[in-house]
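# Structure at a glance
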Amino acid sequence: GNLNSNLLLRISISNSNTIYTDGSMIDGPGRVVGRVGFGVAALDINGSVTALAYGVPPDWIDSVPGAEAWALYEALRHSIPGVRIWSDCASVVNRAKAGKEAATKAEIKTARLWNMIYDIIGEATVDIHWLPAHTTKSQVGHILKGNGLPLTREDRSGNDLADKLAKKGAKI
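Residues numbered from 1 in each chain as written. Predicted model: local features only at pLDDT ≥ 70, side-chain atom pairs only at ≥ 80, totals over all residues. Heavy atoms only, no water.

### Concerning the nonpolar core
Taken as a class, soluble globular proteins show a tendency for nonpolar side chains to be buried jointly. In terms of nonpolar packing, the biggest core is built from 30 residues, with Leu72, Ile85, Trp114, Ile117 and Ile128 touching the most fellow members. Elements with a minimum of two residues in this core: strand S3 (35-43), strand S4 (49-56), helix H2 (64-77), helix H3 (90-98) and helix H5 (111-121). At eight residues, H2 tops the list of elements feeding residues into this core. What Leu72 contacts, discounting residues up to four positions off in sequence, is Thr21, Ile85, Val92, Ala96, Trp114, Ile117, Val126 and Ile128. Core analysis: the second largest hydrophobic core is formed by nine residues, Tyr20, Ala41, Tyr54 and Leu131 among them. (Core = buried A, V, L, I, M, F, W, Y, C linked by side-chain atoms within 4.5 Å. Buried < 20%, exposed > 50% of the residue type's maximum accessible area, 1.4 Å probe, protein only. Helix = DSSP H or I, 4+ residues; strand = E, 2+ residues; numbered from the N terminus. Contact = heavy atoms within 4.5 Å.)

### Observations regarding the environment of Val83
Here Val83 is to be found in the loop between H2 and strand S5 (84-87). As a C-alpha pair, Val83 and Asp127 span 44 residues in sequence and 6.7 Å in three-dimensional space.

### Brief notes about H3
Along H3, the residues classified as buried are Val92, Val93 and Ala96. Summarising the axial view, the buried residues of H3 lie within an arc of 100 degrees, below the 170-degree limit, and thus occupy one face. Along H3, exposed side chains directed more than 90 degrees from the buried face belong to Asn94 and Ala98. Here the buried face of H3 lies against H2, S5, H5 and strand S6 (128-130). A positive phi of about 95 degrees marks Gly99, the residue just after H3. (Arc of directions from axis to C-beta.)

### Here we look at the pattern of salt bridges
Across all of its chains, the model carries seven salt bridges by this definition. Taking the shortest distance from any N to any O, the salt bridge between Arg153 and Glu154 comes out at 4.0 Å. For Arg153, a relative accessible area of 61% puts it in the exposed group. With relative accessibility at 32%, the residue Glu154 sits in the partly exposed group. (Salt bridge = Lys/Arg side-chain N within 4 Å of Asp/Glu carboxyl O.)

### Some thoughts on the confidence of the model for the chain
Averaged over every residue, the pLDDT of the chain is 88; the share at 70 or more is 88%. Low confidence marks residues 1-12, where pLDDT is under 50. Its contacts with residues over four positions away, or in another chain, come to 29 contacts. (pLDDT = per-residue confidence, 0-100.)

### Some thoughts on the pairing of S3
S3 sits mainly inside the fold: eight of its nine residues count as buried. Bridge count between strand S2 (residues 18-26) and S3: nine bridges; the pairing is antiparallel. Note on S3: the bridge partner recorded for Tyr20 is Ala41. Bridge count between S3 and S4: six bridges; the pairing is antiparallel. What sits directly across from Ala42, in S4, is Ala51. Adjacent in sequence and paired antiparallel, S3 and S4 are bridged by five residues, among which Gly47 carries a positive phi angle near 85 degrees. (Pairing = 2+ DSSP bridges.)

Here it is in structure tokens:
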């Protein structure tokens, strides 16, 4: 896929504490007119942006969940093992937590991509968690993330940034 990114991506993503990923579709749904994109935003422990990336997944990724999984793939490809990843796509989080065997079954539409993801992580587990999408300022500190902790200002900012980048990627 095409990867249009901040030039600091490969260098500074290793300094990142947290990565937010997202996928988006415009002019869809549907293979004929729908276009998908992915976005990745990496933040350090202070909540400062350390890397941004967006782009278009390969043509065989033609759905929002596929684009969300591609964002995870790109995040893993460019980060150090053990970084915490947040996604607002429950199906991606659940599939990552289910393990390789479940994620790569023949009936899974994105099994090819999940094989690529597991080629990167090997036997390690991915520190990935769900967080709510499209939140409001008033929900910060009140709405819970998948790990049971309240949404932080940094979470909201990182997820919103990944969302904007995914939309930008879909417009390429």
